[in-house]
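These are the residues of each chain, in order.
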Amino acid sequence: MKKVHIKSFGCQMNVYDGQRMADILSHQGYEETATPEGADLILLNTCHIRDRAVQKVYSELGKLRDIKNAQKAEGQETKIVVAGCVAQAEGAEIQHRQPAVDLVVGPQAYHRLPELLAEAARKRVVDTDLPIEDKFGFLPAPKPQVIRARGVSAFVTVQEGCDKFCAFCVVPYTRGAEFSRPVAQVLAEVERLAEAGVRDVTLIGQNVNAYHGEGPDGAVWGLARLMRRVAEVPGIARIRYTTSHPRDMDDDLIAAHRDLPQAMPFLHLPVQAGSDRMLAAMNRKHTGDEYRRLIERIRSARPDIALSSDFIVGFPGETDADFEDTIRLVDEIGFASSYSFKYSQRPGTPAAELDAQVPREVMDERLYRLQERIEHHRQAFNAAMVGRTVDVLLERAGRHPGQLAGKSPYLQAVQIEGGTNQIGDIVQVTIDRISTNSLFGQMVEAGQTAGKDMAA
Ligand code: 5AD
Ligand code: SF4
């Protein structure tokens, strides 16, 4: 067997795409290896969302060139492939900056990897076509043992691309226009995962709640309808979706959070900022109060829902007063967790042309303050779990012998003492303490292996 090392940067869709590329390459006689040393093929699946992510790719490529040269001296040929969003955005420029790269392949062209690799044996190749054909129709299914090795929670891409054009964001240019996979195709993938033991699926897309796939009845299905159908797949106990835009949270989707037992009480719904002036400049298409009212409606459908968001500090023109609006919104909503970033100027986006870029020291200070508030609310959300009994999906062996590790419905990591339950079972756990990043608890009821070995 030849060896391939795949390293994915950035979002969950890159993790998903990395697995699909591994599946394609396994049919070409490649097995995955955990390190680049010794690999015949090294594939970087890259992220273009912020400048720092791009810089990481180039510094990584420098190290890979050294490995390639060292292996060549030993008589081993090594091919280097750059995939993902940097490949899409920079194309042939990557090979100008790092000539050791053999192949550049964009996120909508990787189903052609076998042909492209054959071509790359003769010359340098770049393929950054945006969809002319549906790549999903060309992707081979992973084998059941491969699915099992990846665990009981899985991502399934249902939507790609974005038509929203937030002023800071490269996604509409790197992933292209919105595209929804047909319902039947999504279902076939979920069924295969479930048959191999997957219990928890996260439906992913850059703007997943804008999903509008063709249903088996010929009608256009929204995300809520898709979720209700996915919930009928035997074995699937938990459904989440990410990432969503506030403008696409329709009544049907909110109702699914109330009515569908498999819909987990966790929602990542980025707001980006709290100031209406900044939200307008960002072309977000919603105000702070519209977001607050939306959260009220979601919470009245599902009162215990854990909310999470993304934030950008230092968007061009952001004043101290604008930033205080963000802090106020964070304190009012009380997110269970959030990601926050300093604004990064991205070539080709409308915001990159704006004057009034915010000085770096100001951004640093704002990010520090924002992260302090986010962490405060995250800890408060976790602390409120102590004494509660929650369903935990067992995912893997725990950190210490006799422990199992799993996830709460609110996407918190839980370490559990005792029990002889199996990975993939859902068990009830009473939370007795928390640490910075985990909850700890005792099993109170053996899930599917009912009745035996209850923890004291
Ligand atoms: N600068 C900083 N953060 C950004 N994001 C997207 N583009 C930029 C940028 N140019 C953040 C947004 C988005 C998340 C995935 O990344 O918060 O929701
Ligand atoms: Fe980027 Fe998300 Fe805005 Fe689309 S909705 S442009 S992916 S931040």
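Here the structure is a predicted model, which means the values were calculated and not measured.

**Student:** Before we go on, may I ask you to explain the overall build of the chain in this structure?
**Tutor:** When helices and strands are counted, the chain shows 14 helices and 21 strands. Split into buried and exposed, the 456 residues of the chain put 54% on the buried side. Considering only residue pairs separated by 6 or more positions, the chain has 70% of its internal contacts joining residues 24 or more positions apart. For the chain, the computed accessible surface area is about 19,500 Å², with 51% contributed by carbon and sulfur atoms. The distance from the centre of the 55 positive side-chain charges to the centre of the 62 negative ones in the chain is 3 Å.

**Student:** Which parts of the structure should I look at to understand the packing of helix α10 (residues 251-259) against helix α12 (residues 288-301)?
**Tutor:** When two helices pack together, their arrangement is given by the angle between their axes and by how far apart the axes lie. It is the contact of α10 with α12, at a shortest axis distance of 8 Å, that shows an interaxial angle of 35°. Contact with α10, carried on its side by D251, I254 and R258, involves L294, R297, I298 and A301 of α12 and no other residues of that element. When grouped by side-chain class, the residues that make up the contact of α10 with α12 number four nonpolar, no polar and three charged.

**Student:** Looking at this model, I keep getting lost on the site of ligand 2. Mind explaining?
**Tutor:** All residues in the neighbourhood of ligand 2 are listed as C162, K164, F165, C166, F168, C169, V171, P172, H245 and R284. Tallied by class, the residues present in the shell around ligand 2 amount to seven nonpolar, one polar and two charged.

**Student:** What is the right way to look at the site of ligand 1 in this model?
**Tutor:** Neighbouring ligand 1 are I49, R50, F168, Q272, D310, I312, F341, K342, Y343, S344 and R346. A distance of 2.9 Å is found between an oxygen atom of ligand 1 and a side-chain nitrogen or oxygen belonging to R50. The side chain of Q272 places a nitrogen or oxygen atom 2.6 Å from an oxygen atom of ligand 1. For ligand 1, the protein covers 87% of the area, taking 400 Å² as the surface of the free molecule. At the level of elements, β15 (306-313) and β16 (337-342) are the ones that each hand at least two residues to the shell around ligand 1.

**Student:** Could you clarify how one ought to interpret unusual backbone geometry in this entry?
**Tutor:** For the peptide bond that leads from T242 to T243, omega is 0°, which places it in the cis range. Along the chain, T243 turns up in the loop between β13 (238-242) and α10. For Q272, which is not glycine, the phi torsion reads 75° and is therefore positive. With respect to the helices and strands, Q272 occurs in the loop between β14 (266-268) and α11 (276-281). Non-glycine residue L411 carries a positive phi angle of around 70°. Position of L411 relative to the elements: it lies in the loop between β18 (403-407) and β19 (413-417). L411 gets classed as partly exposed once you look at its relative accessible area, which sits at 37%.

**Student:** Would you take a moment to explain the environment of P36 for this structure?
**Tutor:** Relative to the helices and strands, P36 resides in the loop between β2 (30-32) and β3 (41-46). Given a relative accessible area of 17%, P36 falls into the buried group. The contact partners of P36, leaving out residues within four places of it in the chain, are H5, I42, L64, I67 and Q71.

**Student:** What is the right way to read the environment of V220 from this model?
**Tutor:** Tracing the chain through its elements places V220 in strand β12 (residues 220-221). Residue V220 is classed as exposed on the basis of its relative accessible area, which comes to 60%. Considered as a pair, V220 and P182 are 38 residues apart in the sequence and their alpha carbons are 9.1 Å apart.

Conventions used here
- Residues numbered from 1 in each chain as written.
- Chains lettered and ligands numbered in written order.
- Predicted model: local features only at pLDDT ≥ 70, side-chain atom pairs only at ≥ 80, totals over all residues.
- Heavy atoms only, no water.
- Helix = DSSP H or I, 4+ residues; strand = E, 2+ residues; numbered from the N terminus.
- Buried < 20%, exposed > 50% of the residue type's maximum accessible area, 1.4 Å probe, protein only.
- Contact = heavy atoms within 4.5 Å.
- Areas by Shrake-Rupley, 256 points an atom, 1.4 Å probe, with all protein chains shown as cover.
- Lys, Arg positive; Asp, Glu negative; His and termini not counted.
- Charge placed at Lys NZ, Arg CZ, Asp CG, Glu CD.
- Axes fitted to C-alpha atoms, helices over the stretch in contact; angles between N-to-C directions.
- Nonpolar A, V, L, I, M, F, W, Y, C, P; charged D, E, K, R; others polar.
- Near = heavy atom within 4 Å.
- Polar contact = N/O pair within 3.5 Å; in protein donor to acceptor, adjacent residues only side chain to side chain.

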